[in-house]
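Observations on the model geometry
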Amino acid sequence: MNLMDDIFIHPTSLVETQQIGRGTRIWAFTHIVKGARIGRWCNIGDHCVIEVGVKIADNVVIKHGNKIWEGVTLENGGFVGPSKFSATTTPPKPRCITQTKANYNTRQWLVTTRIHEGATIGAGAMIVAGTVIGEFSVVSAGAVVIHNVPPHALVSGNPGHIQGWVCQCGKLLKFHNQFARCSSCDVSYTKSNNRIKVATF
Amino acid sequence: MNLMDDIFIHPTSLVETQQIGRGTRIWAFTHIVKGARIGRWCNIGDHCVIEVGVKIADNVVIKHGNKIWEGVTLENGGFVGPSKFSATTTPPKPRCITQTKANYNTRQWLVTTRIHEGATIGAGAMIVAGTVIGEFSVVSAGAVVIHNVPPHALVSGNPGHIQGWVCQCGKLLKFHNQFARCSSCDVSYTKSNNRIKVATF
Amino acid sequence: MNLMDDIFIHPTSLVETQQIGRGTRIWAFTHIVKGARIGRWCNIGDHCVIEVGVKIADNVVIKHGNKIWEGVTLENGGFVGPSKFSATTTPPKPRCITQTKANYNTRQWLVTTRIHEGATIGAGAMIVAGTVIGEFSVVSAGAVVIHNVPPHALVSGNPGHIQGWVCQCGKLLKFHNQFARCSSCDVSYTKSNNRIKVATF
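Residues numbered from 1 in each chain as written. Chains lettered and ligands numbered in written order. Predicted model: local features only at pLDDT ≥ 70, side-chain atom pairs only at ≥ 80, totals over all residues. Heavy atoms only, no water.

Quick notes on the pairing of strand E21 (residues 161–165) of chain C
All names here are of chain C. Formally: By this definition, two strands are paired if DSSP reports at least two bridges between them. The helix and strand labels rest on DSSP assignments: H or I over at least four residues marks a helix, E over at least two residues marks a strand, and numbering proceeds from the N terminus.
Relative to E21, strand E20 (residues 153–156) runs antiparallel, the two sharing 4 bridges. Along E21, the bridge assignment pairs Val155 with Ile162. In textbook terms, the turn of a hairpin is the stretch between consecutive antiparallel strands, and for E20 and E21 this stretch comprises 4 residues, one of which, Gly157, has a positive phi near 95°.

Structure, rendered in structure tokens:
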């Protein structure tokens, strides 16, 4: 049941890869496909599918019911909320298998989707294939993301738009004169060209 | 396979609680976590997860694929449509496990979500943690609910807004001078301050 | 494990129907309910449920996590993207089992939903019961479809609206004077009354 002593694999799950880091837990009825790579101290809920070619770094939390598709990379500390997150690497306008079968084998349809360090994907969010979700950004519950999300952005709606900016700790930031200090953890940020970054003094 | 003679538990499901009322049916590949409480005559579909601490009353219908999270209470006669309903009790701005681990054990992040008697959650609706879904309200298919839903309200859209009012029987009501009588079941309602209630004569 | 030599049924899946055409593959933890009919060369992913009465033709691709409900018909070559597609045949305003139990047995609530040949349902789309999805149409990721979708239409948003028109091959069409030729595959189309069809010369 365990690849190593400190990995937990639920007896009802189906784990076909050997590449799982220590401390990681895989829960019930979840399918980890051969060729997926999962780092250390991750927590992958029930009824998930982690497809061939997916790369998941360390400390990533994936809630019940997520299906993660080939081409997706999750960096350290990502949080993927429950159930409605779908990152597909199928083409933007996929067609039936008969039409795409020749195409399928070329793998030219494969695009990459990257969830950067510390990003949060809310419950029911939808991530279109090929987008980049910036570090420490927050995709709100129910948001439909069709464009790249900048670091620390808070995105919501269908289609998703930037509604604000959030600290590494998740706190909403209030900017005055392109400058904000997090009221929770005291990290400071500067804003320029509709992008923010940690202030360096 | 049965806790009692009149409970049906599908052989592929994983039921860890003893607290299931009579007449309830649990379907395939569903995981009822230890500590969940489920009432009588409920019907819980395939691929569901009912988490620790969830309370489900009597006559509740939960369609395939729903994940119900700690902190959620479903009162009598709720109907939770298929697949996209997600009630999460994780914090509004959850962060990765390394950031929240200390926080996690305090359980200060736990908020409660309550689906009141007779409410209907449409297919693909998204319910944000901490909201209250009023009695006999209808959350339309695909609605993203981020605010409390008053009793008998019909909510749709992303974000969800009140589009009208519905009878206990599910029929859309037409108000004239703050008064409506259901054309289907003859129950009467009065409206005041953008809330409705059953008329008492 | 196989109904016939050239059908693949994953050992963790639960297949209760005998009506599966040759070349079809059924993947992990998927439940095909008795009475469902599935054609040839289909590919049905993990954690799906195909309900009683569902009819699926040939060459249909159904990605992980889809729940297909009684009353749904999928014609040849349909592509159902991952995870958030929900076609429910429950009534538009379903109520709890106690209220609908008498109603349930009459089956008057059953409406039909038809996905025509070659249509594409994007990741996370939501299809309301009773709608018709026209041939070779594309329902974009995250779209909430509450009206019929004409053939070749591209629909997105919540609620879904027609945003453009697509070729059989999936390419977006540009119309000039009610006429378009696909830049990818050279098929020509005419437009009339906000509907398009293949041009005949």
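Description of the sheet that holds strand E17 (residues 132–133) of chain C
Residues and elements named next belong to chain C. Strand order in the open sheet made by the 5 strands is E5-E8-E11-E14-E17, with parallel pairing throughout. The open sheet has two edge strands, strand E5 (37–38) and E17, and neither has a second partner. Sheet topology places strand E14 (residues 113–115) next to E17; 2 bridges connect them, and they run parallel. Bridge pairing in E17 places Arg114 opposite Val132.

Details of the environment of B:Ile56
Residues and elements named next belong to chain B. In plain terms, the rule: Accessibility here uses a 1.4 Å probe with only protein chains present; expressed as a share of the type maximum, an area under 20% marks a residue as buried, one over 50% as exposed, and anything in between as partly exposed. Pairs of residues are marked as contacts when any of their non-hydrogen atoms sit within 4.5 Å.
Relative to the helices and strands, Ile56 resides in strand E8 (residues 55–56). What makes Ile56 buried here is its relative accessible area of 6%. For Ile56 and Thr73, which are 17 residues apart along the polypeptide, the C-alpha to C-alpha distance reads 5.9 Å. Setting aside residues up to four positions removed in sequence, Ile56 forms contacts with Arg37, Ile38, Gly39, Cys42, Ile44, Ile50, Ile62 and Leu74.

Focus: unusual backbone geometry
All names here are of chain A. With an omega of 0°, the peptide bond between Asn158 and Pro159 qualifies as cis. By the secondary structure assignment, Pro159 is in the loop between strand E20 (153–156) and strand E21 (161–165). Phi is positive for Asn177, which is not a glycine, with a value near 50°. You can see Asn177 is positioned in the loop between E21 and strand E22 (179–181).

Here's the deal with the sheet that holds strand E14 (residues 113–115) of chain B
All names here are of chain B. Here 5 strands make up an open sheet; going across it, the order is E5-E8-E11-E14-E17 and the pairing parallel. Edge positions in the sheet fall to strand E5 (37–38) and strand E17 (132–133), since each of these pairs with one other strand and no more. Taken together, the 2 bridges between E8 and strand E11 (residues 72–74) define a ladder with parallel strand orientation. In the strand pairing of E11, Lys55 is matched with Thr73.

Re the confidence of the model for chain A
Quick reminder of the rule: The pLDDT score gives, residue by residue, the confidence of the prediction method on a 0 to 100 scale.
Per-residue confidence for chain A averages 87 on the pLDDT scale, and 85% of its residues sit at or above 70. Both scores are given for the predicted complex: the pTM is 0.92, the ipTM 0.89.

Looking at the side chain of C:Thr131
Residues and elements named next belong to chain C. Stated formally: Polar contact is the term for a pair of N or O atoms within 3.5 Å; when the atoms are in protein, one must be able to donate a hydrogen and the other to accept it, and sequence-neighboring residues count only if both atoms are side-chain atoms.
Looking at where Thr131 falls in the secondary structure, it is placed in the loop between strand E16 (126–127) and E17. Within the local environment of Thr131, its side chain forms a polar contact with the backbone oxygen of Val128, the two atoms lying 2.7 Å apart. The contact partners of Thr131, leaving out residues within four places of it in the chain, are Thr112, Thr113, Arg114, Val145, Ile146, His147 and Asn148.

As for the packing of aromatic side chains
Rules: Classification of ring pairs uses Phe, Tyr and Trp, with its six-membered ring standing for Trp, and accepts pairs whose centres are within 6.5 Å; under 30 degrees between planes counts as stacked, over 60 as edge-to-face, and the remaining range as tilted. A positively charged side chain is recorded as over a ring if its NZ (Lys) or CZ (Arg) lies within 6 Å of the ring centre. The angle to the ring normal must also be within 35 degrees.
Following the criterion strictly, the structure yields 6 aromatic pairs over all chains and no others. Between the aromatic rings of A:Phe8 and A:Trp27, the centroid separation amounts to 4.8 Å while the plane-to-plane angle is 50°, which identifies the pairing as tilted. You can see A:Phe8 sitting in strand E1 (residues 8–9) and its partner A:Trp27 sitting in the loop between strand E3 (25–26) and strand E4 (31–32), a full 19 residues away along the chain. A residue is classified by how much of its surface remains accessible, and A:Trp27, at 28% relative accessible area, is partly exposed. With a centroid separation of 5.9 Å and an interplanar angle of 80°, the aromatic rings of A:Phe29 and C:Phe29 are classed as edge-to-face. Taken together, the residues span two chains, with A:Phe29 in the loop between E3 and E4 and C:Phe29 in the loop between strand E3 (25–26) and strand E4 (31–32). No difference in accessibility class separates A:Phe29 from C:Phe29, as the two residues are buried. By the ring-pair criterion, three or more aromatic residues cluster together here, those being A:Phe29, B:Phe29 and C:Phe29. The ring of A:Phe175 carries the charged tip of A:Lys191 above its face, separated from the ring centre by 4.8 Å.

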